[in-house]
Amino acid sequence: MPPTLASLVHHSALKLTVRAGEDRLDVPVRWAHVSELADPVPYMEGGELLLITALKLDAENPEAMRRYVRRLAGAGVVGLGFAVGVNYEEIPKALVEAADAEGLPLLEVPRRTPFLAISKAVSAAIAADQYRAVTAGFAAQRELTKQALTDGPEGLLAALASQVNGWAALYDASGAVVATAPDWAGRRAARLTADVERLRERPAPASSVVGGPENEDRVELHTLGTGRRARAALAVGTAAALGTAERYAVHSAIALLTLTTERSRSLQAAEQRVGAAVLRMLLAGEPDHARAVAGDLYGGLLDAPFRVIVTEAASVSAARVVDTGGREALTKAATASAAALVAAAGTNGDPLGALTELVESAAARAGEAVLVVPEGEGEAARLVVLATDGGAAVTACAEYAAALEAARTGAVSEQPGADDEELVIGLSAPAGPIAAAAAYKQAEQALSVARRRARVFVEHEQLAAGSVLPLLADDAVKAFADGLLRALHEHDATGRGDLVASLRAWLSRHGQWDAAAADLGVHRHTLRYRMRRVEEILGRSLDDADVRMELWLALKATSPE
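Quantities reported herein were computed from a predicted structural model and do not represent experimental measurements.

Parameters at a glance
Position labels on residues start from 1 in each chain and follow its written sequence. Whole-chain, interface and lining totals are the exception, using all residues; otherwise, since this is a predicted model, local features are given only for residues with pLDDT of at least 70 and side-chain atom pairs are given and counted only at 80 or more. No hydrogens and no water enter the side-chain calculation; it runs on all heavy atoms of the structure. At least two DSSP bridges between two strands are required for those strands to pair. Secondary structure is summarised from DSSP: a helix means a run of H or I of at least four residues, a strand means a run of E of at least two, and numbering begins at the N terminus for each. Residues with no salt bridge and a relative accessible area higher than 30% make up the patches, which join like charges within 9 Å and nonpolar side chains (Val, Leu, Ile, Met, Phe, Trp, Tyr) within 5 Å. Using the Shrake-Rupley algorithm and a 1.4 Å probe, accessible areas are obtained, with residue cover drawn only from the displayed protein chains. Any Lys or Arg side-chain nitrogen found within 4 Å of a carboxyl oxygen on Asp or Glu counts as a salt bridge. We score Asp and Glu as negative and Lys and Arg as positive, and we do not count His or the chain ends. Lysine's charge is taken at NZ, arginine's at CZ, aspartate's at CG and glutamate's at CD. The buried label applies to any residue whose accessible area, calculated with a 1.4 Å probe on protein chains only, is under 20% of its type's maximum; exposed applies above 50%, and partly exposed to all values in between. Side-chain rings of Phe, Tyr and Trp, where Trp is taken by its six-membered ring, are said to pair if the distance between their centres is within 6.5 Å; with planes under 30 degrees apart they count as stacked, over 60 as edge-to-face, and otherwise as tilted. Simply put, an axis is a line fit to the C-alpha atoms, just over the touching stretch for a helix, and the angle between two N-to-C directions goes from 0 to 180 degrees. Roughly parallel means an angle under 35 degrees; roughly antiparallel, over 145; roughly perpendicular, 65 to 115; everything else is oblique. In a left-handed crossing the near helix is turned counterclockwise from the far helix by less than a right angle, and in a right-handed crossing that turn is clockwise. We call two residues in contact whenever any of their non-hydrogen atoms come within 4.5 Å of each other. Gly falls in the polar group here, along with every residue not listed as nonpolar (Ala, Val, Leu, Ile, Met, Phe, Trp, Tyr, Cys, Pro) or charged (Asp, Glu, Lys, Arg).

Caption draft 1: Representation of the pairing of strand β7 (residues 177–181) within the structure. Where strand β6 (residues 167–171) meets β7, four bridges bridge the pair, whose relative direction is antiparallel. From the neighbouring strand, Ala-169 faces β7, where its bridge partner is Thr-180. In textbook terms, the turn of a hairpin is the stretch between consecutive antiparallel strands, and for β6 and β7 this stretch comprises five residues, one of which, Gly-175, has a positive phi near 90°.

Written out as structure tokens, the structure is:
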């Protein structure tokens, strides 16, 4: 602890005597300063013990002393030391009464105690306190390093909470709580998620202090990581502001947690190369070789059904129409963590990076393996992900897509000129290592449909469960349909018959002449004649099932309904 007035009074060599303010001696002393000015306040910073002989003071004037003491107390001076036997044989009564009335400690300094001795005592005590703080900081650093090496981030947080006599929490890149110490701090840490999200939006490194409600703790938040985007955050809660030793401990924890959470670029690049090799082998139909290369890093992922996710960036302006169809899960409100990453992706212009962080964080919290492989560069960049079917990574991806969809809806109405980048995501059906190539193809097909329908997320199973008719909205399909039916429309335009309507009725009735003729209100022989004319004009036989299928799809593609 820093020196206090009480410690100076108890200093045997100084022989100080308390004349006023006995109940305020526990106040820390920042420095001892000598001044004989009538008004030394402009030169005070607060926390000083002021030493005087009253050389230029009218120390026996009660009104002058009240003004003098009041000025000192207002400037933050913590005590007044008066040397007796120099200008006054004892402290004047007016000064004692003024100090007592203001509650300012007044110390009598005997003539044999020079002011220099008091200054040296204060300086030595401050130096000793700083040395103790540095020593305690190094000890805390050793303990935190030991816990980080033996028990990981959880052990480090427990040691840090003990060092600061409070609690500590670690958040991942999405703002979700990863670990807390002690355990009871989990609920308190969860209430700070919004503050962590705001901190992540600031350039790293960043920190902030969150003052809790009355009678609650003081919390410091710090980002972790060396890049422009924080990879994690640390929260430290204490009853009061951190001291020097506690500050050393927090800074050591930040450095160690950064080393723990921020993998080196070379290691990350090596893992990506392994993941890319595993993916290539799976797509080449070599699951045994892929399993051997995956080892412990990705091997667990290949022991259970997985999903393939293919995603790429797209501009908001190219995807204005929002398809409200799809699974019910995608229409639910997005989680707070996903919504935060949507905002972060829009700010930093890196939606693929945001999705990578989200998927990897979700998998890490759930203890799942996840394989993330970037492909291409620039506008051709996209991401391929292999994640456990039904696992946290797939769920997080779907929730993120729902948040993007909701954000896009608001952006379309509020910012019609926006051209920010966001994601288009395709998800395969569950598959195993043997069917990885098929799953990859499914994900690409789902991605293509999502791009064409201006949707953020499409699952391949939705395509099989839905109708093929929405696929006919493609411009190329419409062009084909118009070309196929053009001759029939030109015939009908001359008024020589209604071949298009007759063909639609006949195909919708599966070639049943009587039923189709009744729908048209004509005789069945008239309908037979019209179908012969269709065959003659198109040069195709309606007995061919493929021809009937193409004509029916062409009619549906050009239908105004």
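Caption draft 2: Structural context of a negative patch on the surface. The grouping of Glu-22, Asp-23, Asp-26 and Asp-100 at the surface amounts to a negative patch. Turning to its location among the elements, Asp-26 is positioned in the loop between β1 (17–20) and β2 (31–34). Residue Asp-26 is classed as exposed on the basis of its relative accessible area, which comes to 60%.

Caption draft 3: A look at the packing of aromatic side chains. In the structure shown here, the tally under the stated rule is two aromatic pairs. Ring geometry for Phe-82 and Tyr-88: centres 6.1 Å apart, planes at 55°, overall tilted. Comparing Phe-82 with Tyr-88, the two get one shared label, buried. Between Trp-506 and Trp-513, the aromatic rings sit 5.5 Å apart at their centres with planes inclined by 40°, giving tilted as the arrangement.

Caption draft 4: Region of the structure containing the packing of helix α16 (residues 499–508) against helix α17 (residues 513–520). It is the contact of α16 with α17, at a shortest axis distance of 8 Å, that shows an interaxial angle of 135°. If you check the angle between α16 and α17, you find them oblique. When you trace α16 past α17, the crossing you get is right-handed. Along the contact surface, α16 presents Ala-501, Ser-502, Ala-505 and Trp-506, while α17 presents Trp-513, Ala-516 and Leu-520. Residues belonging to the contact of α16 with α17 are distributed by class as follows: six nonpolar, one polar and no charged.

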